[in-house]
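Listed below, chain by chain, are the residues.
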Amino acid sequence: MNSQVLAELVLAVSEEGVVVFDRELVCTHWSPAMERMFRLDVASAVGQVMPAALALPFGAHGDEPLRRALAGEEVHLEDVPYASGADGLGAGTYEVRYVPWRSESGLIEAGVGVLRDTSLRRRAEQRAHETEARFRIMADVAPVLLWMAAPDALCTFFNQTWLDFTGRTLEDEWGVGWAEGVHFEDFQRCVDTYMAAFAERRVFEVEYRLRRADGQYRWVLDRGTPRWERDGRFAGYIGSCVDITDRKELEVDLRRAVSIRDEFLSIASHELRTPLTALRLRLDSVVRSLNRRAPGHVDGDRLVESTEDALSQVGRLTLLVERLLDISRLSEGRLALDPEELDLVSLVRGIVDALGETARLASCELRFTAPPTLRGCWDRGRIEQLVTNLVGNATKFGAKQPVDVILEARAGAARLTVADRGIGIDPQVQGRIFGRFERAVSARHFGGLGLGLWVAKQIVDAHEGTISVESAPGAGATFTVVLPVAAARLARRSA
Amino acid sequence: MIATPDQAASCEGVLVVEDDADILRALVQVLEDEGYTVRAAENGSAALAALRAPGARLPCVILLDLMMPVMDGWTFRAEQLRDPVLAEIPVVVLTADGNAAARSAVLEVAGALRKPVELLTLLAAIQPFLG
């Protein structure tokens, strides 16, 4: 292959365009790559004066670089924009090197231009830049905290959401700076998880507390995923953090609710077993004495006594079961009342008299103070339940000291005070004693469902009244209930 | 833990420690019907007072509830074991607690019964100590 053929072959396959022009700027060679770039065939180009005569906007430089090459200079231009073809579709940029071509005598006979189309590279760069910008915008508006780390595990990017959350700058967080915001109790676990995952290049999840700009530590769930270059090289990690504090708190509430329910079930079972125990013993003893003794020698009085006591245990069980059913009814929402016009004084006196017997057994005196009458519109059954619960508690926790039950007429309302001189209530638990299943004392010492005060509050609420407690440990407890004489809602219902 | 012959000779009946008045009354009556001498205490503290009363004869067995106000059964048992005069009196626990057996192991008692208890089971548990 002679050099002429070789040169033409090289020019035919080359991506770089080659143009040769003589001292008058007349084009003498126009390579195939030039044809493609400028969409001008060789026949149209050769013989024309460059560049204007080619009808080409050959760049902003005009013929000046060509003349410099002809003057012996090597001219290098980058990013020369061009538009080609009648339709201007062949627009782009090129870089070019113009060199002088000398004859054997050393005289400059022509200029040679070697052009490379840089449009594609520039477009790729532009696209990469736009992709990057789009990523930044998306990252910054995303509601999650985003981070990126280089292959050396040092963080190189945090989105605006992250920076707003921590209230720190990118420079603060850069590298390992972000770890300063991790709660010290979670720090080691967080860093260990992170580094272990990094070493194995695997996806990881870790929960830790991260300091927010306001100084509060928030639980975040951090998920990290390894990134890979197109050629398979490890490129680091990208990760996102979500604030899961609210979810965590809900979980705690839920666990507490479940444990309260479990405790309640165990207490309810205990409460049911107590009357069952007495009932069982009574019935067993009846059967035993009937079996053991000849019919004529059965102690009739003892049998009656045992059976009556068994029946009273059945009553106790029935009451318990009704109370348990009441919980689900009350839990469903506002209590439905059946109000009627009644005298609160005679109602409360009836309860105090009925409970007096039990109170006397507990060596506790019940003292009742009230005006002659106090009329209003209330639900008789529910008010009975309310007063029974309060007075029952007072005798139960009253440490054998007198209990005062006081009724007073107030402007448009009735005020009931139940005051004992017993063990009192720890101030720390006073806030929650009206909650469901709450008890101020250990179930180990005092039985009961832990529902009395909760039920009392539901009843008072339904009557649009208020209930409050004043107490100190060892100094007794005073419960005060204020019931409107006729709550608007109730008056309408009873009308 | 079995009563020594000395104690067995000098002891008398059952001490029932139970805070629920209905159960206490029922227990006292059914045990009296069996011919035993029965004393009652409404909590651990009252039981200790009864046991330490001057001139009182010690019971042959104590039937002990666990969940009680003032002094619960666990505390009573600990106090009893600390008192050399009372420590050897056998105790049978009667509780509504679901883990009666596990509880009794901790308390080192002679037996544990779960409420509600059958009368015959109750009698079988205390009879060995009553001669």
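Look up: the structure comes first, before these words.
First, a word on scope: everything that follows refers to the structure included in this document. A quick note: this is a predicted structure, and the numbers were derived from the prediction, not measured. Residue positions within a chain follow its written sequence, with the count starting from 1. Here the convention is simple: chains get letters from A, ligands get numbers from 1, in the order in which they are written. Local features are withheld for residues below a pLDDT of 70 in this predicted model, meaning they are given only at 70 or higher, and side-chain atom pairs are given and counted only at 80 or more; totals for whole chains, interfaces and linings count all residues. Here the side-chain values reflect all heavy atoms present in the structure, with hydrogen atoms and water set aside.

## Thoughts on the pairing of strand 6 (residues 145-149) of chain A
Residues and elements named next belong to chain A. Burial runs high along strand 6: five of the five residues are buried. Along strand 6, one buried face is formed by Leu145, Trp147 and Ala149 and the opposite face, lined by Leu146 and Met148, is buried too. Here, any two strands with at least 2 DSSP bridges between them count as paired. Counting from the N terminus, the helices are the DSSP runs of H or I reaching at least four residues and the strands are the DSSP runs of E reaching at least two. In terms of strand pairing, strand 6 meets strand 10 (residues 234-243) through five bridges, oriented antiparallel. Directly across from Leu145, in strand 10, lies its bridge partner Cys241. Bridge analysis of strand 6 against strand 7 (residues 155-158) gives three bridges, and the strand direction is antiparallel. Opposite Trp147, over in strand 7, you have Phe158 as the bridge partner. The antiparallel hairpin formed by strand 6 and strand 7 contains five residues in its connecting segment, where Ala153 sits at a positive phi of about 75°. When accessible area is computed with a 1.4 Å probe and restricted to protein chains, residues below 20% of their type maximum are described as buried, those above 50% as exposed, and intermediate ones as partly exposed.

## Focus: the state of the cysteines
Residues and elements named next belong to chain B. Cysteine sulfurs are considered disulfide-paired once they come within 2.5 Å of each other. For the coordinates displayed, the defined rule picks out one disulfide over all chains. There is a disulfide in this structure between Cys11 and Cys60, and the S-S distance comes to 2.0 Å. The chirality of the disulfide connecting Cys11 with Cys60 is right-handed, given an S-S dihedral of about 95°. Of this pair, Cys11 sits in the loop between helix 1 (5-10) and strand 1 (14-17) while Cys60 sits in the loop between helix 3 (44-52) and strand 3 (61-64), and the two are 49 residues apart along the sequence. With respect to burial, Cys11 and Cys60 carry one shared label: buried.

## Description of the interface of chain A and chain B
Counting from both sides, the interface comprises 25 residues of chain A and, opposite them, 28 residues of chain B. In short, buried area is how much 1.4 Å probe accessible area vanishes from two parts on joining, totalled over both. Taking both partners together, chain A and chain B bury about 2600 Å²; carbon and sulfur atoms supply 52% of that area. For the side of chain A that touches chain B, the secondary structure elements donating two or more residues are helix 9 (245-292) and helix 10 (300-331) of chain A. For the side of chain A that touches chain B, the element with the highest residue contribution is helix 9 of chain A, accounting for 13 residues. A breakdown of the residues in the side of chain A that touches chain B according to their chemical character gives five nonpolar, seven polar and 13 charged. In this description, contact between two residues means that some pair of their heavy atoms is separated by no more than 4.5 Å. Charged means Asp, Glu, Lys or Arg here, nonpolar means Ala, Val, Leu, Ile, Met, Phe, Trp, Tyr, Cys or Pro, and polar covers whatever is left, Gly included.

Shape is all these values report; function is a separate question.
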